[in-house]
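Listed below, chain by chain, are the residues.
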Amino acid sequence: MHDLGAGLGYLLKGQRWVARHGKQYGAGILPGLITLVLYAAALVALALWGDDLVTWATPFADGWPDPWLGLFRGFLTVVLFALALLLAVLTFTAVTLLIGQPFYENLSEKVDRDVSPDGTAPESGLPLHREMWISARDSLRVLVRATLWGVLLFALGFLPFVGQTVVPVIGFFVTGFFLTEELTAVALQRRSVELRDRLTLLRSRKLLVWGFGTPLGLAFLVPFVAVFLMPGAVAGATLLARDLLGEENARETEEDSEGERITHCPDGCPGRYAGASREAAPNDSPTGDRAGARGPERRL
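Computed from a predicted structure; not experimentally measured.

*Asks:* When you look at the overall build of the chain in this model, what are you seeing that I'm missing?
*Replies:* From N to C terminus, the chain includes 9 helices and 4 strands. Order of helices (α) and strands (β) in the chain, N terminus to C terminus: α-α-α-α-α-α-α-α-α-β-β-β-β. The proportion of buried residues among the 300 residues of the chain is 42%. Of the contacts made within the chain by residues no fewer than 6 positions apart, 72% connect residues no fewer than 24 positions apart.

Here is the structure:
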């Protein structure tokens, strides 16, 4: 159960990171807004002309008597819109990441540099068009897997009781898994980790993945929320990817409103930081007095 809480913790840390870096947050919202407008336009068009599309696709039913003709085509129209909505939910993250590839690559690299002990970030060394091709190819492969799960769960949804209770819960966990895969891909692709290896990594820490992706998937169901959470989700997924690969994180230090230095330890505070709640800052005088009176350091 520790991994479940740790996954949620990475999601919150990612949102906190972009809150402290407003420039990256502003740039990270743009791809989500573009994707949202495109998807909204497509769904509105389907709502307006979906019945015409169903009528065109079912000429064999033209001679059916009422009310069977209306019921049949009305049912198909509802199913068509429901599948389109499901497809939009499944592909929103992938399309947003593809449109915003340069923005999110830059954001993920800055997170890596910020938490890395040596202040560096892994680089793929590939040109942008090659990275975008790999991202699109892998996203399509993940989409096929997610669609198969979606069709299976849709069919199981017709089972009495189980379809209305157990299946939706399973659906949220499946959505969380694939959502986490798409988001961690930004950081893992820079480390030349192939899709098959990424899936193996994620399956080895399912509770960690569900703790991160399932709450995020639930939040994404609320209109417009996905747009504003996406930058923080990419930042949190970068931290999660570092955990999956066993990479060390440095301490994050900042100052609070009272001038005290606050130490954030992404993976806990090992060594001499483990038991201390407050510690003198490096530029304290030998006597313990501070010329600038910045105050002692404390650990959150």
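*Asks:* What am I meant to see in the pattern of salt bridges here?
*Replies:* Should their charged atoms come close, side chains of opposite charge can pair. This model, assessed by the stated rule, comprises 15 salt bridges. Here R137 makes a salt bridge to D138, at a shortest N to O gap of 3.3 Å. The shortest N-O distance in the salt bridge between E247 and R191 comes to 2.9 Å. Of this pair, E247 sits in the loop between α9 (225-244) and β1 (252-255) while R191 sits in the loop between α6 (162-190) and α7 (195-204), and the two are 56 residues apart along the sequence. Relative accessible area serves as the criterion here: at 23%, E247 is assigned to the partly exposed category. Each of E105, D112, R190, R191, R242 and E247 takes part in one network of salt bridges that share partners.

*Asks:* Is there a simple way to explain the side chain of T214 in this structure?
*Replies:* Within the secondary structure, T214 is located in helix α8 (residues 206-220). T214 gets classed as buried once you look at its relative accessible area, which sits at 10%. Setting aside residues up to four positions removed in sequence, T214 forms contacts with F172, F173, G176 and V209.

*Asks:* Just checking my understanding: could you explain the layout of surface pockets for this structure?
*Replies:* Over the atoms, a rolling probe the size of a water molecule traces out where space has been left empty. As a volume, the largest pocket reaches approximately 1,200 Å³. In terms of lining residues, the largest pocket is bounded by 43 residues, among which L85, L86, V89, L90 and L221 are the most central. Put simply, the parts of the chain that give the lining of the largest pocket at least two residues each are α2 (22-57), α3 (68-99), α5 (128-156), α6, α8 and α9. By residue number, the principal contributor to the lining of the largest pocket is α3, which donates 11 residues. Its residues assigned to classes, the lining of the largest pocket shows 34 nonpolar, 8 polar and 1 charged.

Conventions we followed
- Residues numbered from 1 in each chain as written.
- Predicted model: local features only at pLDDT ≥ 70, side-chain atom pairs only at ≥ 80, totals over all residues.
- Heavy atoms only, no water.
- Helix = DSSP H or I, 4+ residues; strand = E, 2+ residues; numbered from the N terminus.
- Buried < 20%, exposed > 50% of the residue type's maximum accessible area, 1.4 Å probe, protein only.
- Contact = heavy atoms within 4.5 Å.
- Salt bridge = Lys/Arg side-chain N within 4 Å of Asp/Glu carboxyl O.
- 1 Å grid on protein atoms, 1.4 Å probe; cavity = no way out; pocket = protein on both sides within 12 Å on 5 of 7 lines; lining within 4 Å.
- Points joined across faces, edges and corners; volume = space filled by probe spheres on them.
- Nonpolar A, V, L, I, M, F, W, Y, C, P; charged D, E, K, R; others polar.

Geometric descriptors of this kind do not, in isolation, establish any biological role.
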